[in-house]
Structure formats: structure tokens, C-alpha cells
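Next come the chains, spelled out residue by residue.
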There are 2 protein chains.
Amino acid sequence: MIQVVEGEFDLIARLRAVVEGAEPPGAEHARVRVASGDDAAVTVPAGATATSVDSIVEGVHFRRETFPMASIGRKAMAAALSDLAAMGAEPGEAYVQLGVPADLDTAGAEELAEGLGRCAAENGISVLGGDVSRAPVLWIGVTVVGHADEASDFVTRGGAQDGDVLVVTGELGGARAGLALLEQPDLAERLQPDVADALRRRQLEPVARLDVGRALRRAGAHAMIDVSDGLAGDARHIARAGAVRVAVELERLPLAAGVAEVAAAQGEDAAGFAAAAGEDYELLAAVAADRVNAARAAVEAEGVNLTAIGRVEPGSGLALIDRRGRECGIEGFDQLGASGSRGEPV
Amino acid sequence: MIQVVEGEFDLIARLRAVVEGAEPPGAEHARVRVASGDDAAVTVPAGATATSVDSIVEGVHFRRETFPMASIGRKAMAAALSDLAAMGAEPGEAYVQLGVPADLDTAGAEELAEGLGRCAAENGISVLGGDVSRAPVLWIGVTVVGHADEASDFVTRGGAQDGDVLVVTGELGGARAGLALLEQPDLAERLQPDVADALRRRQLEPVARLDVGRALRRAGAHAMIDVSDGLAGDARHIARAGAVRVAVELERLPLAAGVAEVAAAQGEDAAGFAAAAGEDYELLAAVAADRVNAARAAVEAEGVNLTAIGRVEPGSGLALIDRRGRECGIEGFDQLGASGSRGEPV
């Protein structure tokens, strides 16, 4: 829990106030019995819970030179919530672990907390607790809990069936292109200013697709995952968890505006760039062929596109099909690896 | 959730196998529907849940030079579980966030995971998920979830009543003295080898008092907190949360063997040293005067001592009473402050 010790520990009390202040007026927290300030937060979940943890680390997932503090907070929360979106969960609670470097001043820490809190509030999430430590670099670890009436309501990565259509929400490659723009500002000369802005926002302030995830669940999605490590890697998870083969047609990938130009500037094929791009936080799902139209309507009702990009077949593994109908290979992003979209520029 | 991406991401799969291998055979996990490997873990809590997060950071809470990797894992888990103990919770689930520096080899990471997993298994906790990132220093963030039939079964920090007796489990000051021994090995010359060993273990491998916490809950404790930031600071939390005054008689503090000698070597009063010492992970509780004997019997049945160290009175704040009956002041440990037991030597 957030530990408020006398003296210098005012910072934590302030951060807590900022996060709690971000909650929408009238938020009900029907499940919450004891919020922050005790040894643990007490809730009364009515049915099943989905719990996930996600961390972002300065120098690995962001640099303070290019990320405003509020964006860092937003990004940490959205990245964690994206896992709940991929389960089709109802929003619930969050807990935040902060590592605060000595050179982060109180105003900066408050901005960070504000970003975290606002993102939580916008998604109907109550921040119930946290922990603050000194640390050599800025670190944010977020634990999120979502809910459903029954455990079987959640959509897991497994469950894709032969004949299913693979669909993806929104647009791909934007977060990676946005990162390239932040790290190499010259690239923006190739783009309309509003296109460049939109790409940067995809990197700085990703959106968790909680509403869309629930819409896909209600539309009967068989399997779902969020596109956090790159479409190729995440599609492979669907294949493995479902013991099926997943074939993705690269030319069908919905690219965010400007991605093709940024990829070209870096000497890369646009679809390959997008398929290996992490942090888009779109949802990838396997849907029965006769449910695709219903799923599309449900997702579009949330203001988001849904694109069929491939199919589920008997077999195993991922097949990436290029525009000539040939299989090709693209490595997904690996957080511990030396390469990959998040590993490159930092 | 633990993200297993192909290629170099084998480390995570190995860590997961190590943690899961530590679970006792026949562990039932009646609440678990989906464990690690999906976007989120799915559980079906039967009643109320208590959730807490706790992080330990290299250079702040430990140094790899003095801490074996298995001890770091154990310590991270025990520190988090101690918050559940302080709620009187039944053990439930844990989620682990790891920051792995480049100079930590696979064997070291596995040792760490083994320590985490063993500590969890010994306490009846299922590790259901995690997240691994690169990081400049070793970081372990642990989220723990405990259970009770009803929210009101949990013992919070609030609830201490005028006339209650303040009791503490086990012995105090040991973890701080153990840290002093690790950082200044010469100090050990003043102690019997087994006494020095026991003190070092208090620092390296703290024990979460889950069984004892439940015993105190069943014995009717009105308020409870774990002694993680120093008895003085934690007693102050009880006073504030209960809107009462808490008076602690320093000469009654149960000191771990060898603490007096280590304190003397550092020019400190033994009781003051112990009252300001963090990381003992004992439990501090307010118990009705006529329930103290029953509480003591219940705690002793778990093989742990229970000592009455003060009383709850009308008023506010903490009074530390020295052996002459005078009030004196001792600052509790502040994780963000420059001083304090954990801040000193690292």
C-alpha cells in the first residue's frame, strides 16, 4: 500500500491525492471496501477477476528527454490496461509501484501521477494503492484487476479455431513510427504536421481498448490478445495457445497514416515495419467467419475500425504471407533482446 | 502477464518454470482458472480480497555484493506478504515484476526466481503471473492478493480503542542489526557466531507472519500493521488511523539477541535502535486488555512470542516513553529520506 510516513514522505501523500483527484466525480467503487492508506486494499469482487502486471522503465521503454511526465504516467497505465482489454474485462482496480530517481522533482512526480490517474479514471479504474521507493531511474509498475461475472466470460489467447478469421482493431505501426519521430525529429519533414502529431501521440499516449475488448467479447471472439510486442509475435501467441496455424496477409495490415513514409525513410517495408512494431495496443482476435460482420459493427460502434488480416488453419505456428503469396519471416519485438522497436533508439 | 516471446525470451519461460516448480505438490489453487501465460490471470475469489504491492530495488533495499540472489527473491516476496499478514488474510496469489540488469546471468536470475517461488510456496501462495524488463539495476515488484470470507474479517490499521494493549510479535531490531553486520563484518567479533548468523538471516531472509496474523485476527485484534518501516513509524500509523494516542514503553521492546551489542557498537541506545529499525516484518496490534492472554496463547501456538509494549489512550499521536517515564522522540524510517536503517549503508 502507499506508505505515508511522516516527514519527507509528504510526496507520497501528494501523489495519492493527485491520483485520487483524477477520479471522476460520483465514481462508485462498488467493490471497494478499504482504499489506499492501509496495509492492503480490500475489495469484494462479485465474480471472476483478471489480474495483470506491467512495468515501464526509463531508458528501456521511454526517455525523459522525449516523454512529458504526464505521458509517462498515461503510458504506464494504458499498457497495463491493454492486457485487461485483451481479456474483454470490465474495468476494476489498479495498484502502482513507483521508483523515483533523485533528480525528479515534486512537480514532475505530480505530473506523472496526474497522467496515471487520468488514464485510470477515463477507463473507469480506481487506483487503490501503491508503493514508492527511491530508484536510480524512473520506474512505474502497474497492477490491474478487471472483472467478469464468470471466469469463462474472459477471452484468453487460446481458443482460436480452424476457419476463424483473424481481425485487428484500429491501425498498426503508429507507435513505432511515433518513436522514430521523437528520436529523429528530421523525419517529420516527410509528413503533414497533423499526421506526425498523431503518430507521436500513438507512442506518447497509447489508448487501452477496454470498450472495444468488451465489444469483441460480446461478439463472441474465440481468442484475443493485445498487440504490445508486435503483431507477428502476438499472432504467434494466438497460434501456440490455440494449437492452430495462424496465417497473416501482410498487405491487409491496416497501417496508421504516415507509417509507410517513416518505414521508407528507414529503408523498411511498411507492412514488415508495422508487423514488427510494438506498443500499438490494438487488439488481435480470432472470430468465427460468420461473426466477423457482427464483430465489425460492434467495434465500429466504439469508433474504431476492425480489419480482417488473416485466417486460422489446422497446423501450428505463424505464417506471414507477403503480397506475392509467399511466406516470409519477421521477428516480433523481444523486450530482453538487443533489437526491436523499443530497444533501438534508447 | 509473463510474456513469452520467441528467441531470447527463453529466460522468462525458465523463470516461470522455476517459480512454478517451487509450488508444493498437490497445491490446489481452487481459486485459479487461468494461470501464467495469458494476458491476465483469472481467479474466482469467493469473498473479499486484500491486495498490496511492494518493491525492492538494488542499491536501496539490498546490494548484490552482500545478498545472495535467492535471498533477494525471498525478501521481495516476504516483504509483500507481510502486508497480507497484517490484514490477517488467508494466502492467495502473487504477481512478480522483474527488472533484470544486463550483468545478471541466467543462473543468477533462476536463483532469484527460486527464492521468490519457495517463499511463496511455503506461505501457500500461487505465483500466477509476471513481467520481465531490462533495467539498469535489479528490481523486484511483488503484488500479493489475500482472501477472507468477508471484507470486515480483515484487520485494518484503524480500530484501536482506548484501553487496548499494544502488542508486538517476535523480536525487534534484528533486521537492522543484521544489515549492520553485512555492511561492517567486523561487528561480528562482538557476538557469538550463531547470534550473528541469526541477525544476518533476519535481514537476508525475513519471514512473513501470515499464520500469526490470522491467529491475531481470530483472537480479536482491533487494529494491526506490520513493522516494516520501524516500530515508531508504524505505531504512529495505528494512532492516526484509529484517532487515538499510542504510548509505547521503550524498555518493554523485545530485542533480538545481539541487537544491544550492535547498537552499542554504533553508539546507540538499544531500544531506540530497535524502535527506529525497519524490515523486521513483525506484527504490531491493538488488542482489548481482556483478550491479551488469549492472543498470546494463539501466537505462541505458532511458535512466536507476543509482548505487550504499550497502551492505547484517548488523544492523538505516538508517545515513546523511556525507562525514566519521559517522552522521547525517534524518527521512523522514511524510504525517500536520506537517513534511516535502509538508507544508511547502501
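**A closer look at the overall build of chain A**
Stage number 1. What chain A contains, in helices and strands, is 10 helices and 13 strands.
Stage number 2. Relative to its full complement of 346 residues, chain A shows a buried share of 64%.
Stage number 3. Within chain A, counting contacts between residues at least 6 apart in sequence, those at least 24 apart form 84% of the total.
Stage number 4. Looking at chain A as shown, the accessible area adds up to about 11,800 Å², and 45% of this sits on carbon and sulfur atoms.

**Observations regarding unusual backbone geometry**
Stage number 1. Its identity as a non-glycine residue notwithstanding, A:Glu279 has a phi of 70°, on the positive side.
Stage number 2. Secondary-structure assignment places A:Glu279 in the loop between α9 (270–275) and β10 (283–287).
Stage number 3. One non-glycine residue, B:Ala243, lies in the positive phi region at around 55°.
Stage number 4. As for its position among the elements, B:Ala243 is in the loop between α7 (231–242) and β9 (245–249).

**As for the environment of A:Ala215**
Residue and element names in this part refer to chain A.
Stage number 1. Among the secondary structure elements, Ala215 is positioned in helix α6 (residues 210–218).
Stage number 2. Residue Ala215 is classed as buried on the basis of its relative accessible area of 5%.
Stage number 3. Sequence-wise, Ala215 and Leu306 are 91 residues apart; in three dimensions their C-alpha atoms are separated by 11 Å.
Stage number 4. Residue contacts for Ala215: discarding those within four places in its chain leaves Ala298 and Glu302.

**A short note on the packing of aromatic side chains**
Stage number 1. On inspection of all chains with the given rule, the structure shows 3 aromatic pairs over all chains.
Stage number 2. Centroid distance A:Phe62 to A:Phe67: 6.1 Å. Interplanar angle 55°. Geometry classified as tilted.
Stage number 3. Assessed through its relative accessible area of 1%, A:Phe62 is described here as buried.
Stage number 4. Arranged with centres 4.1 Å apart and planes meeting at 10°, the rings of A:Trp139 and B:Trp139 form a pair that is stacked.

**Concerning the packing of helix α4 (residues 174–183) of chain A against helix α5 (residues 193–204) of chain A**
Residues and elements named next belong to chain A.
Stage number 1. The N-to-C vectors of α4 and α5 enclose an angle of 105°; their axes lie 7 Å apart at closest approach. Relative to α5, α4 is oriented roughly perpendicular. Judged by residue contacts, Gly174, Ala175, Arg176, Ala177, Gly178, Leu179, Leu181 and Leu182 of α4 engage Ala196, Leu199, Arg200, Arg202, Gln203 and Leu204 from α5.
Stage number 2. The residue inventory of the contact of α4 with α5, partitioned by class, reads 8 nonpolar, 3 polar and 3 charged.

**Some details on the sheet that holds strand β6 (residues 139–148) of chain A**
One key point about sheets: their strands pair by backbone hydrogen bonds, in either a parallel or an antiparallel sense.
Stage number 1. The strand order across the open sheet built from 6 strands is β5(A)-β4(A)-β6(A)-β3(A)-β2(B)-β1(B), with neighbouring strands paired in mixed fashion. Because the sheet does not close on itself, it has two edges, and the strands there are β5 (126–134) of chain A together with β1 (32–34) of chain B. Averaged over all neighbouring strand pairs, the angle between strand axes comes to 20°, with direction disregarded.
Stage number 2. Sheet topology note: the strand β3 (residues 48–57) of chain A/β6(A) ladder contains 10 bridges and is antiparallel. Its bridge partner being in β6(A), A:Thr51 is matched across the sheet by A:Val145.
Stage number 3. Sitting on the sheet, helix α2 (residues 69–85) of chain A is in contact with β3, β4 (90–100), β5 and β6 of chain A, with an inclination near 35° to β6(A).

**With respect to the pattern of salt bridges**
Residue and element names in this part refer to chain B.
Stage number 1. The full count for this structure, using the stated rule, is 45 salt bridges over all chains.
Stage number 2. Ionic pairing is found between Glu93 and Arg31, a salt bridge with its closest N-O pair at 3.8 Å. Of the two residues, Glu93 sits in strand β4 (residues 90–100) while Arg31 sits in the loop between α1 (10–21) and β1, which places them 62 residues apart along the sequence.
Stage number 3. With a shortest N-O distance of 2.9 Å, Arg63 and Glu183 are connected by a salt bridge. Remark: Glu183 occurs in helix α4 (residues 174–183) and Arg63 occurs in the loop between β3 (48–57) and α2 (69–85); sequence separation between them is 120 residues.
Stage number 4. Arg63 gets classed as partly exposed once you look at its relative accessible area, which sits at 27%.

**What to know about α4(A)**
All names here are of chain A.
Stage number 1. The element α4 is largely enclosed, with a buried count of 10 among its 10 residues.
Stage number 2. Within the sequence span of α4, burial applies to Gly174, Ala175, Arg176, Ala177, Gly178, Leu179, Ala180, Leu181, Leu182 and Glu183.
Stage number 3. Tucked into the core, α4 has its buried residues touching α5, α8 (259–265) and α9.

**Digging into the sheet that holds β3(B)**
Stage number 1. Within the open sheet, the 6 strands sit side by side as β1(A)-β2(A)-β3(B)-β6(B)-β4(B)-β5(B). Their pairing is mixed. The open sheet is flanked by β1 (32–34) of chain A together with β5 (126–134) of chain B, the only strands paired with a single partner. On average, each strand axis in the sheet is inclined to that of its neighbour by 20°, with strand direction left out of account.
Stage number 2. Across 3 bridges, strand β2 (residues 41–43) of chain A lies against β3(B) in antiparallel orientation. When the sheet's bridge partners are listed, A:Val42 is paired in β3(B) with B:Ala50.
Stage number 3. In the packing of helix α3 (residues 106–122) of chain B onto the sheet, contacts are made with β4, β5 and β6 (139–148) of chain B, and the angle to β6(B) comes to roughly 15°.

**Comments concerning α2(B)**
Stage number 1. Taking 1.5 Å as the rise per residue, α2(B) with 17 residues should run 24 Å; its terminal C-alpha atoms sit 24 Å apart, in good agreement.
Stage number 2. Within α2(B), 16 of the 17 residues are buried, leaving the element largely enclosed by the surrounding structure.

**Observations regarding the pairing of β4(A)**
Residue and element names in this part refer to chain A.
Stage number 1. With 10 of 11 residues buried, β4 is to be regarded as a mostly interior element.
Stage number 2. Summarising the sheet, β4 and β6 pair through 8 bridges and their orientation is antiparallel. When the bridges of β6 are listed, Glu93 appears paired with Val145.
Stage number 3. Note that β4 and β5 share 8 bridges and pair parallel. Opposite Val96, over in β5, you have Gly130 as the bridge partner.

**Regarding the pairing of β5(B)**
Stage number 1. Among the 9 residues that make up β5(B), 8 are buried, leaving the element largely enclosed by the rest of the structure.
Stage number 2. Handedness of the β4(B)-α3(B)-β5(B) crossover: right-handed.

**A closer look at the confidence of the model for chain A**
Interpreting fine coordinate detail is not advised for predicted regions of low pLDDT.
All names here are of chain A.
Stage number 1. Summarising the model, chain A shows a mean pLDDT of 89, and 88% of its residues fall at 70 or more.
Stage number 2. Within the model, pLDDT remains below 50 along residues 331–346, and this stretch shows 53 contacts once partners closer than five positions in the same chain are excluded.
Stage number 3. Reported confidence for the predicted complex is 0.89 by ipTM and 0.90 by pTM.

Reading the values: rules and limits
- Residues numbered from 1 in each chain as written.
- Chains lettered and ligands numbered in written order.
- Predicted model: local features only at pLDDT ≥ 70, side-chain atom pairs only at ≥ 80, totals over all residues.
- Heavy atoms only, no water.
- Helix = DSSP H or I, 4+ residues; strand = E, 2+ residues; numbered from the N terminus.
- Buried < 20%, exposed > 50% of the residue type's maximum accessible area, 1.4 Å probe, protein only.
- Contact = heavy atoms within 4.5 Å.
- Areas by Shrake-Rupley, 256 points an atom, 1.4 Å probe, with all protein chains shown as cover.
- Phe/Tyr/Trp six-rings, centres within 6.5 Å; stacked < 30°, edge-to-face > 60°.
- Axes fitted to C-alpha atoms, helices over the stretch in contact; angles between N-to-C directions.
- Parallel < 35°, antiparallel > 145°, perpendicular 65-115°, else oblique.
- Nonpolar A, V, L, I, M, F, W, Y, C, P; charged D, E, K, R; others polar.
- Pairing = 2+ DSSP bridges.
- Salt bridge = Lys/Arg side-chain N within 4 Å of Asp/Glu carboxyl O.
- Expected span 1.5 Å × (residues − 1).
- Right-handed = clockwise from strand over helix to strand, strands pointing away.
- pLDDT = per-residue confidence, 0-100.

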